[in-house]
Protein chains: 2
Amino acid sequence: MSIATYPIQRVPHHDVVGALERGCQEHGLDPLAGKLAELRLFLAHDLDEVDRAIAAVGLGAETPAQASARHLLSQDGKRLRPIVVALAAHVGKGFNDAARAYAVAVELVHNATLLHDDVVDVGARRRGADAARVIYGNAASIFGGDWLLVEALCRIQRAGSAEVLARMLDVIKEMVIAESMQLARRGKLDTSVSDYFHIVDGKTASLFRWAMFAGGRAGGVSDEGCEALVDYGKKLGVAFQLVDDVLDVAGDPEATGKTLLADLGEGKMTYPLLCALERCPELVPLLEAVCAGEEVGPEVGGRVASQLRSSGVVDECLALARKLCEEAIAGLSSIPDGVAKSALVTVARATPERRR
Amino acid sequence: MSIATYPIQRVPHHDVVGALERGCQEHGLDPLAGKLAELRLFLAHDLDEVDRAIAAVGLGAETPAQASARHLLSQDGKRLRPIVVALAAHVGKGFNDAARAYAVAVELVHNATLLHDDVVDVGARRRGADAARVIYGNAASIFGGDWLLVEALCRIQRAGSAEVLARMLDVIKEMVIAESMQLARRGKLDTSVSDYFHIVDGKTASLFRWAMFAGGRAGGVSDEGCEALVDYGKKLGVAFQLVDDVLDVAGDPEATGKTLLADLGEGKMTYPLLCALERCPELVPLLEAVCAGEEVGPEVGGRVASQLRSSGVVDECLALARKLCEEAIAGLSSIPDGVAKSALVTVARATPERRR
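Thresholds applied
Residues numbered from 1 in each chain as written. Chains lettered and ligands numbered in written order. Predicted model: local features only at pLDDT ≥ 70, side-chain atom pairs only at ≥ 80, totals over all residues. Heavy atoms only, no water. Helix = DSSP H or I, 4+ residues; strand = E, 2+ residues; numbered from the N terminus. Buried < 20%, exposed > 50% of the residue type's maximum accessible area, 1.4 Å probe, protein only. Contact = heavy atoms within 4.5 Å. Areas by Shrake-Rupley, 256 points an atom, 1.4 Å probe, with all protein chains shown as cover. Lys, Arg positive; Asp, Glu negative; His and termini not counted. Charge placed at Lys NZ, Arg CZ, Asp CG, Glu CD. Least-squares fit on C-alpha atoms with pLDDT ≥ 70 in both. pLDDT = per-residue confidence, 0-100. Salt bridge = Lys/Arg side-chain N within 4 Å of Asp/Glu carboxyl O. Polar contact = N/O pair within 3.5 Å; in protein donor to acceptor, adjacent residues only side chain to side chain. Expected span 1.5 Å × (residues − 1). Phe/Tyr/Trp six-rings, centres within 6.5 Å; stacked < 30°, edge-to-face > 60°. Lys NZ or Arg CZ within 6 Å of the ring centre and 35° of its normal. Axes fitted to C-alpha atoms, helices over the stretch in contact; angles between N-to-C directions. Parallel < 35°, antiparallel > 145°, perpendicular 65-115°, else oblique. Left-handed = near helix turned anticlockwise from the far one by under 90°. Nonpolar A, V, L, I, M, F, W, Y, C, P; charged D, E, K, R; others polar. Core = buried A, V, L, I, M, F, W, Y, C linked by side-chain atoms within 4.5 Å. Disulfide = S-S within 2.5 Å. Patch = residues over 30% accessible without salt bridge, like charges linked within 9 Å, V, L, I, M, F, W, Y side chains within 5 Å.

Enquirer: I tried to follow the overall build of chain A on my own but got confused; where do I start?
Expert: Secondary structure assignment for chain A yields 17 helices and 2 strands. Taking the principal axes of the C-alpha coordinates as reference, chain A spans close to 55 × 50 × 35 Å. A buried classification covers 61% of the 356 residues belonging to chain A. Put simply, 75% of the contacts in chain A that link residues at least 6 apart link residues at least 24 apart. Looking at chain A as shown, the accessible area adds up to about 13,300 Å², and 52% of this sits on carbon and sulfur atoms. Separation between the mean location of the 39 positive side-chain charges and that of the 49 negative ones in chain A comes to 3 Å.

Enquirer: What am I meant to see in the relation of the copies chain A and chain B here?
Expert: In summary, the two copies of the chain are related to each other by a rotation about an axis coupled with a shift along it. In the superposition of chain A on chain B (RMSD 0.0 Å, axial shift 0.0 Å), the rotation amounts to 180°. The symmetry that links the two subunits is that of a two-fold axis. The overlap is high: 100% of the interface residues of chain A also sit at the interface in chain B, so the same surface is used on both sides.

Enquirer: What is the right way to read the confidence of the model for chain A from this model?
Expert: Parts of the prediction with low pLDDT should not have their coordinates interpreted in detail. Looking at chain A as a whole, its pLDDT mean stands at 89, while 94% of the residues score no less than 70. When the criterion is pLDDT under 50, residues 1–13 of chain A qualifies, and its contacts beyond four places in sequence or with other chains add up to 20 contacts.

Enquirer: I would appreciate a short explanation of the interface of chain A and chain B in the present structure.
Expert: Reports often express the size of an interface as the amount of accessible area lost when the parts come together. The interface is formed by 34 residues belonging to chain A together with 34 residues belonging to chain B. Along the contact surface separating chain A from chain B lie 2 salt bridges. Two residues, B:Lys173 and A:Glu151, come together in a salt bridge whose shortest N-O distance is 3.3 Å. Across the chain A-chain B interface, the total number found is 10 residue pairs in polar contact (both at pLDDT 80 or more).

Enquirer: In this structure, what is going on with helix H17 (residues 339–350) of chain A? I would like to understand it.
Expert: Note that an α-helix has 3.6 residues per turn; residues three or four places apart therefore point the same way. Residue and element names in this part refer to chain A. Over its 12 residues, H17 extends 16 Å from the first C-alpha to the last, a length consistent with the 16 Å expected when each residue adds 1.5 Å. In terms of residue burial, H17 counts as a mostly covered element, since 10 of its 12 residues are buried. Taken residue by residue, H17 has Val-339, Ala-340, Lys-341, Ala-343, Leu-344, Val-345, Thr-346, Val-347, Ala-348 and Ala-350 as its buried positions.

Enquirer: How should I be thinking about the packing of aromatic side chains in this particular structure?
Expert: The full count for this structure, using the stated rule, is 10 aromatic pairs over all chains. Aromatic pair B:Tyr102 and B:Trp210: ring centres 5.7 Å apart, planes at 80°, arrangement edge-to-face. Of the two residues, B:Tyr102 is situated in helix H5 (residues 97–120) and B:Trp210 in helix H9 (residues 193–218); the sequence distance between them amounts to 108 residues. Both residues of the pair, B:Tyr102 and B:Trp210, belong to the buried class. By way of ring pairs, the aromatic residues A:Tyr196, A:Phe197 and A:Tyr271 are connected into one cluster. When the ring centre of A:Phe213 is taken as reference, the NZ or CZ atom of A:Arg167 above it lies at 3.7 Å. One residue, A:Arg354, lies across the ring of A:Phe240, its end atom 3.9 Å from the ring centre.

Enquirer: Any chance you could explain the packing of helix H10 (residues 223–250) of chain B against helix H17 (residues 339–350) of chain B here in plain terms?
Expert: The description of two helices packed together rests on the angle between their axes and the distance between the axes. Residue and element names in this part refer to chain B. Running from N to C, H10 and H17 cross one another at 20°; their axes reach a closest spacing of 11 Å. Classed by the angle they form, the pair H10 and H17 counts as roughly parallel. Handedness of the H10/H17 crossing: left-handed. Contacts between H10 and H17 involve Leu-229, Tyr-232 and Leu-236 from the first element and Leu-344, Val-347 and Ala-348 from the second. Of the residues in the contact of H10 with H17, the class split is 6 nonpolar, no polar and no charged.

Enquirer: So what exactly am I meant to see when it comes to the environment of B:Asp130 here?
Expert: Residue and element names in this part refer to chain B. Relative to the helices and strands, Asp-130 is located in strand S2 (residues 129–130). Residues Asp-130 and Gln-75 lie 55 residues apart in sequence; the distance between their C-alpha atoms is 10.0 Å. Only 3.1 Å separates the side chain of Asp-130 from the side chain of Arg-125, close enough to count as a polar contact.

Enquirer: Help me understand the packing of helix H4 (residues 80–91) of chain A against helix H5 (residues 97–120) of chain A, please; the structure alone is not making it clear to me.
Expert: All names here are of chain A. Look at H4 against H5: their axes get within 8 Å of each other, and the N-to-C directions meet at 155°. Here H5 runs roughly antiparallel to H4, going by the angle between their axes. You can see that H4 and H5 cross each other, and the crossing is right-handed. Facing Arg-81, Pro-82, Val-85 and Ala-89 of H4, the residues of H5 in contact are Ala-99, Tyr-102, Ala-103, Val-106, Glu-107 and His-110. In terms of residue class, the contact of H4 with H5 is made up of 7 nonpolar, 1 polar and 2 charged.

Enquirer: Help me understand the pattern of salt bridges in this model?
Expert: Side chains that differ in charge, positive against negative, can pair when their charged atoms come close. Residue and element names in this part refer to chain B. Counted under the stated rule, the structure contains 54 salt bridges over all chains. A salt bridge links Arg-209 to Glu-174; its shortest N-O distance comes to 2.9 Å. Here the residue Arg-209 occupies a position in helix H9, and Glu-174 occupies one in helix H8 (residues 162–184), the gap between them amounting to 35 residues. For Glu-174, a relative accessible area of 29% puts it in the partly exposed group. Residue Glu-326 pairs with Arg-349 through a salt bridge whose shortest N-O separation is 2.7 Å.

Enquirer: Is there a simple way to think about the nonpolar core in this case?
Expert: Grouped burial of nonpolar side chains is what soluble globular proteins tend to show. A:Leu308 and B:Leu308 are the most contacted members of the largest nonpolar core, which totals 253 residues. What A:Leu308 contacts, discounting residues up to four positions off in sequence, is A:Val249, A:Leu273, A:Ala276, A:Cys280, A:Leu283, A:Val313 and A:Val314.

Enquirer: How do you make sense of the state of the cysteines when you look at a structure like this?
Expert: Between two cysteines, a covalent bond joining their sulfur atoms is known as a disulfide. Residues and elements named next belong to chain A. Taken as a whole and judged by the stated rule, the model has 0 disulfides over all chains. The structure places no disulfide on Cys-275, whose sulfur is separated from the nearest cysteine sulfur, that of Cys-317, by 4.3 Å. For Cys-275, a relative accessible area of 8% corresponds to the buried category. Just so you know, Cys-280 is unpaired, no disulfide at all, and the nearest cysteine sulfur is the one on Cys-275, 9.3 Å from it. In this structure Cys-280 comes out as buried when scored by relative accessible area, which is 1%.

Enquirer: Help me understand unusual backbone geometry, please; the structure alone is not making it clear to me.
Expert: Glycine aside, the phi torsion of most residues is negative, and most peptide linkages are trans. Phi at A:Val122 takes a positive value of approximately 55°, unusual for a residue other than glycine. Looking at the secondary structure, you find A:Val122 in the loop between H5 and strand S1 (125–126).

Enquirer: Looking at this structure, how should I read a nonpolar patch on the surface?
Expert: Taken together, the side chains of A:Val134, A:Ile135 and A:Tyr136 define a hydrophobic patch exposed on the protein surface, amounting to about 250 Å² of accessible area. Assignment of secondary structure puts A:Tyr136 in helix H6 (residues 132–136).

Enquirer: Can you walk me through helix H7 (residues 138–159) of chain A in this structure?
Expert: All names here are of chain A. Here H7 contains 22 residues, and its C-alpha end-to-end distance of 32 Å stays within 8% of the 32 Å for a straight helix at 1.5 Å per residue. By the criterion of burial, H7 is predominantly enclosed, with 19 of the 22 residues buried. Two residues or fewer after H7 comes Gly-160, characterised by a positive phi angle close to 100°.

Shown next as structure tokens:
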């Protein structure tokens, strides 16, 4: 199916693709930016449907839990997980009712974890706005997360595949256990690289794996094809988290909407910081202070960022993200060529370039 | 099947039946106490299996979330919800693998809600011990609740009935929304009686309804029979909550393990207090102060309790609980006579007599 057969739709409000595109343009990657523009048109209709369905979740509901959840859902999220569901479905027969249900569900589960994480991390801001817990309170965000989780599971069950539901239940367990492992290590700099990747696989990659599997199943992709999609999801998810971690230590706070070293300030070790402990021993006392939650002054983030850039840590992390994305692409060899596969390649190529 | 055919087993550690029995003895209800002794033997084997399965949940797991959940599960819970699953199953073919899975799951869901509720209510004690959040922190209890919820759903899904799973998802939504409605009314005395019963149906009766349905389905009970069991569960659940509410305002703190007026101190209106607002206007300023979270001194609970007793409020609430239980029993008319039905009658008769 050619891109040209897709009518031009309004650009979705939640525009991760546009953000990726601008990232590529800024980096002089014009061919990639062009491909992202095509991808945006390719998915416009599907994502519009997903956005409409998400906007209707809990519409008219009045409890603080639901208000809290709707507040978060209405913010400008990246919608990357629904995008990968849609692309996986297009590898098969396309974006049907089941794929739409899964695309909505994956976003709801993601938002449920954000509501709970913000309570756990005492987070004040999210997606450039006040966190739901700041407006509606911690209790509302706890119940709001519970509610979104179950709303998601209802949608998955109604779509009819017991296997897709069972995998989601396993994924939620993985996510919760990984978050809890991260919690147990809070405030400690001595996380090992293997623990870091174990946590990232559980807390981030697991949901990308599921998104690819669910989309593939909805599209009627073969078992072998689905496993290839899952492997892509796993690698894309880890790369996505690596870039998140880089943006936390060396991003542009204007673009990300987060202050530098926010993760470390919550006591969370990230991969760039693990690298920094080896490469920049002079930073260790400062990183320990931030990790222990000490007030270190607003200029520290910028100083750490420039040192991580000059020492090559930032480049090393992005190189690893790019390597994972290339492996993700290589793993798609069994998937037939076509618009969907090209789009998956584009997403993987663009992921390390994103700036928000 | 006669009670006499069941070998004598060890008394289950989690002994709601024993507690009911002692309650009946204290109230001079010896025939009922004798029936509860029979019920205890009838279910000893099933509940032993449930206890063993619950003790194995997350065994060897190490994260704070799982430690938090295991701490709560290891406390001396009433296990009333697994009991009603077992009895509903015995209305049919008996306590099989599916019934056991549902009995374990209903207890896990109940405990998941307790973990989250204790964070929301900043509860310090639970089941006569430190609340999990006091030992492991709020974050561990939030993730611990999430984890138990999903553990429960996995067990229900594996048992194989999509309908039983769909009903549980709906019930969890009802519970969360009811808890959130209660939250929205926190600190306000002007809850209406109809709002109170709406909240109780959602936060308490819904899980009893599910327990009866799931047990009935596992036992192969007919659709009509299951609906009768659900109706029993709904009425028993409301009566159970009414008794809980009475114990909160006029129970023996030694027996309940909770201080008097704990619910009101968390800003929650209960049925006895709704009655008190009408019958004992002189108590209103005091109740408002407790509801607003003001420190009122330890003697206030006892004073309110004796006034609610002398004004007839306590008797009125227990009379309503007894009426609901008699209605629950009357609704079992289509269920064939037998040990299981007798046991359901006994549980309903004993519920208003419990003292913990």
